[in-house]
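# Understanding the architecture of this molecule
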Amino acid sequence: MKNRFFPLVLVFFLSLSACGVKKKEPQLINIRGVVFGTYYSISYFSEGGDVYQHEIDSLFNVFNESLSYYVPHSIISRINNNETDVVDDFFKVVYLRSVEIYEASGGAFDPTVSPLVNAWGFGFTQRREMNRQKIDSLRQLTGLGRTRLEGNRIVKEDPRIQFDFNAIAKGYAADVIGDLLATKGITTYLVEIGGDLTARGLKPDGSKWRIGLEKPARNFDDPQDWDYYVELHDMAVATSGNYRRYYEEGGQRFSHTIDPFTGYPVTHNLLSVSVFARDGMTSDAYATAFMVMGFEKAKAFVEASDNMEAFFIFSTGLEEYGTYATPGLMLLRREDL
């Protein structure tokens, strides 16, 4: 997935220093690069100081060849163009998890909504002049429930249906890179791809990984700022929001989050949500699903779940906002650092 700016890098690092770690071993390794049209940052502790940049970039390339919507010869592109119906393991894993979350969220998470995303100007095509008739027409091309997997083959009820796993693939990629590090004997690492993170293990001094949660920005290019942070241990987190990716027209702001039920950008007061789960696929996909649901529905959903926590930021008035953390999330204040 390249030549694509993934939306909303809303989570950033607070402390990646090896506080209390001896200078020799284990060593803190930091690797940074560009992938999927955004930046990645990987930090881990290695007994021998091994740097796995080449292996990581090679795995990213294989991932691209499978799931990149923007690589013409990728498996997902060929499936979307009806040039093949055969999937690989990466596609199969993402598809099956997407179906689970699609069904659990009542369709709020739908990786086939890209025709509407593109038409509203948030994909890779120019924004169209939208009306109810066009929206209803495009909605006929969506619906993950209208597809199924038979062995290694994808079946689409309508050949015009297309897949776009951008809302789950970054989280999955963080999981995959973490699995690669684990095969190298690395037990403490933090993988971040465009704001989606997977953390495992404790640092040598016994401390957890720390990340900050960004405050809403008034404009898309405002600098990042934060009031709260969390400590991660064997956890993944993904953030989705509407205040850095939008456009304004006729005095109205249009969010990049498209409601698959209406075909229009969402209009509720939820500004952003950070979802904490065991794996990156889950946190990534549900962050998008919750932005579709809105605050009240998403809050009820996550509080009924026993494997997720969430931090919500919602509008309470003109340039004013409130926050809510689910009971199981230990939210720490910046002023207490």
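This is a predicted model, so every value here is computed, not measured.

### Quick word on the overall build of the protein chain
- Secondary structure summary: the protein chain contains 8 helices and 16 strands in total.
- Expressed as a percentage of its 337 residues, the buried residues of the protein chain come to 53%.
- In the protein chain, the share of contacts with a sequence separation of at least 24, taken over all contacts with a separation of at least 6, comes to 64%.
- Just so you have it, the protein chain exposes about 15300 Å², and 48% of that area is on carbon and sulfur atoms.

### What about the nonpolar core?
- Grouped together as the largest cluster of nonpolar side chains are 62 residues, with contacts concentrated most on Phe91 and Phe165.
- Beyond its immediate chain neighbours, meaning those up to four positions away, Phe91 contacts Ser66, Leu67, Ile75, Ile76, Ile79, Ile154, Phe163 and Phe165.
- The next biggest cluster of nonpolar side chains, apart from the first, holds 15 residues, and it includes Leu197, Trp209, Leu213 and Ile313.

### What to know about the sheet that holds strand E6 (residues 189-193)
- The 8 strands lie next to each other as E2-E3-E6-E7-E10-E13-E14-E15, forming an open sheet whose pairing is antiparallel. Either end of the sheet is taken by a strand with one partner, and the two such strands are strand E2 (27-35) and strand E15 (320-325). Across this sheet, the average inter-strand angle for adjacent strands is 10°, counted without regard to direction.
- Of the strand pairs in this sheet, E6 and strand E7 (residues 196-200) are connected by 5 bridges, and their pairing is antiparallel.

### Some points on the side chain of Ser43
- Positionally, Ser43 belongs in strand E3 (residues 38-46).
- There is a polar contact of 2.6 Å between the side chain of Ser43 and the side chain of Asn30.

### Considering the environment of Ser315
- Tracing the backbone through its elements, the reader meets Ser315 in strand E14 (residues 308-317).
- Its relative accessible area of 25% is what places Ser315 among the partly exposed residues.
- As for Ser315 and His268, which are separated by 47 residues in sequence, their C-alpha atoms are 8.8 Å apart.
- Once residues lying within four places of it in the same chain are set aside, the contact partners of Ser315 are Asn269, Leu271, Glu320 and Tyr321.

### Some thoughts on helix H1 (residues 53-67)
- With 15 residues, H1 extends 21 Å between its outermost C-alpha atoms, agreeing within 8% with the 21 Å of an ideal straight helix rising 1.5 Å per residue.
- Within H1 the residues assigned to the buried category are Ile56, Leu59, Phe60, Phe63, Asn64, Ser66 and Leu67. Viewed along the axis of H1, the buried residues span an arc of 160°, placing them on a single side of the element.
- Packed against the buried residues of H1 are E2, E3, helix H2 (75-80), helix H3 (89-104), helix H6 (166-183) and E6.

### Side note on the packing of H1 against H6
- Close contact between H1 and H6 brings their axes to 11 Å; oriented N to C, the two are set at 145°. As H1 packs across H6, the resulting crossing turns out to be right-handed. Residues Glu55, Ile56, Leu59, Phe60, Phe63 and Leu67 of H1 lie in contact with H6, whose contacting residues are Ala169, Tyr172, Ala173, Val176, Ile177 and Leu180.
- Residues belonging to the contact of H1 with H6 are distributed by class as follows: 11 nonpolar, no polar and 1 charged.

### Some details on unusual backbone geometry
- Non-glycine residue Asn82 carries a positive phi angle of around 60°.
- Within the fold, Asn82 resides in the loop between H2 and H3.
- Asn82 sits in the partly exposed class, given a relative accessible area of 44%.
- Positive phi values are uncommon outside glycine, yet Asp234 reaches one of about 50°.

### A word on the pattern of salt bridges
- The tally for this structure, following the rule as stated, stands at 9 salt bridges.
- With a shortest N-O distance of 2.9 Å, Asp136 and Arg132 are connected by a salt bridge. Pair noted here: Asp136 and Arg132 are both in helix H5 (residues 132-139), with a separation of 4 residues, about one helical turn.
- Owing to a relative accessible area of 32%, Asp136 belongs among the partly exposed residues under this scheme.
- Residue classification places Arg132 among the partly exposed residues on the basis of a relative accessible area of 35%.
- Linking Arg210 and Glu231 is a salt bridge whose minimum nitrogen-to-oxygen distance equals 3.2 Å. One end of the pair, Arg210, is in strand E8 (residues 209-214); the other, Glu231, is in strand E9 (residues 226-232), and 21 residues separate them in sequence.

### Remarks on the confidence of the model for the protein chain
- Residues with a pLDDT of 70 or more make up 83% of the protein chain, whose mean pLDDT is 85.
- The low-confidence segment residues 1-13 (pLDDT under 50) makes 74 contacts with residues lying over four places distant or belonging to another chain.
- Every residue in residues 244-253 is under pLDDT 50, and counting partners more than four places away or in other chains gives 34 contacts.

Calculation notes
Within any chain, residue numbers begin from 1 and follow the written order of that chain's sequence. Where totals are concerned, whole chains, interfaces and linings use all residues; where local detail is concerned, this predicted model gives features only for residues with pLDDT of at least 70, and gives and counts side-chain atom pairs only at 80 or more. For side-chain calculations, the full set of non-hydrogen atoms in the structure is used, while hydrogens and water are omitted. To qualify as a helix, a DSSP run of H or I must reach at least 4 residues; to qualify as a strand, a run of E must reach at least 2; elements of each kind are numbered from the N terminus. Throughout this description, buried means an accessible area under 20% of the type-specific maximum (1.4 Å probe, protein chains only), exposed means over 50%, and partly exposed covers the range between. Note on definitions: a residue-residue contact is assigned when non-hydrogen atoms from the two residues lie within 4.5 Å. Using a 1.4 Å probe, accessible areas were evaluated by the Shrake-Rupley method; residue-level cover was limited to the displayed protein chains. Each nonpolar core is a collection of buried residues, namely Ala, Val, Leu, Ile, Met, Phe, Trp, Tyr and Cys, held together in the definition by side-chain atoms within 4.5 Å. Being paired, for any two strands, means DSSP has found at least two bridges between them. Angles shown run from 0 to 180 degrees and are taken between the N-to-C directions of axes, each axis being a line fitted to C-alpha atoms and, for helices, limited to the stretch in contact. Here a polar contact is taken to be a pair of N or O atoms separated by no more than 3.5 Å, where protein atoms must pair a possible hydrogen donor with a possible acceptor and residues adjacent in sequence count only if both atoms sit in side chains. By definition here, a helix of n residues has an expected span of 1.5 Å times n minus one. Here the arc refers to the directions that run from the helix axis out to each C-beta atom. Left-handed describes a crossing in which the near helix is turned anticlockwise from the far one by less than a right angle; the clockwise case is right-handed. Classification convention: Asp, Glu, Lys, Arg as charged; Ala, Val, Leu, Ile, Met, Phe, Trp, Tyr, Cys, Pro as nonpolar; all other residues, Gly among them, as polar. Put simply, a salt bridge is a Lys or Arg side-chain nitrogen that is within 4 Å of an Asp or Glu carboxyl oxygen. Across the chain, each position has a pLDDT score giving the predictor's confidence in that residue, from 0 to 100.

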